[in-house]
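Listed here are the chains, written in short residue letters.
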Amino acid sequence: MKLKTCFAAFSLGLLAACAQITPHEAIQNANIRKAVQNARTRSDHDALTNHFEGAARQMQIKAEEQKKLLEHYEEKSYLYGRRAQDLKSHTWALARKYEETAEAHVKEAAVHRQMALEAAQHNYAARDE
């Protein structure tokens, strides 16, 4: 029994590690990293906050889709024969990956929201001088 549990955990980890990104996503990630590095003003941080909040919503939607698919695989596993367990494991791993990514985006949005507030306060204080 322990061997099956270890194998299942290893398989899930391997599936998550093998997730590929498209060239478009790679370019978009590079552009976002550059925008994060160059953000100086309140509007820069507001834009990044909006981007990360939108990305978090997209990841949460994808996670919900995977959860619904997982429910289907669990209810109708007899339709998929030997592949059922693989499909369930893969779908569960994707749902978890999407949820973790959504959480990371929410945290990143919160950081930029705070930076936008600080930039606004700095600009307000600079005007008073």
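One structure accompanies this document, and this report is about it. Please read these numbers as outputs of a predicted model, since none were measured by experiment. (Residues numbered from 1 in each chain as written. Predicted model: local features only at pLDDT ≥ 70, side-chain atom pairs only at ≥ 80, totals over all residues. Heavy atoms only, no water.)

### Considering the environment of Ala 95
Line of reasoning, step 1. Along the chain, the position of Ala 95 falls in helix α4 (residues 83-128).
Line of reasoning, step 2. By relative accessible area, which is 5% here, Ala 95 ends up buried.
Line of reasoning, step 3. With 28 residues separating them along the chain, Ala 95 and Lys 67 place their C-alpha atoms 6.3 Å apart.
Line of reasoning, step 4. Those residues in contact with Ala 95, other than ones at most four positions away along the chain, are Ala 63, Gln 66 and Lys 67. (Helix = DSSP H or I, 4+ residues; strand = E, 2+ residues; numbered from the N terminus. Buried < 20%, exposed > 50% of the residue type's maximum accessible area, 1.4 Å probe, protein only. Contact = heavy atoms within 4.5 Å.)

### Considerations on the pattern of salt bridges
Line of reasoning, step 1. Evaluation of the coordinates by the stated rule reveals five salt bridges.
Line of reasoning, step 2. Of the charged contacts, one joins Glu 53 and Arg 113 as a salt bridge, the two residues approaching to 1.9 Å between their closest N and O atoms. Of this pair, Glu 53 sits in helix α3 (residues 42-75) while Arg 113 sits in helix α4, and the two are 60 residues apart along the sequence.
Line of reasoning, step 3. Residue Glu 53 is classed as partly exposed on the basis of its relative accessible area of 26%.
Line of reasoning, step 4. The exposure class assigned to Arg 113 is partly exposed, which follows from its relative accessible area of 38%.
Line of reasoning, step 5. Glu 64 is paired through a salt bridge with Lys 67; the nearest N and O atoms lie 3.8 Å apart. (Salt bridge = Lys/Arg side-chain N within 4 Å of Asp/Glu carboxyl O.)

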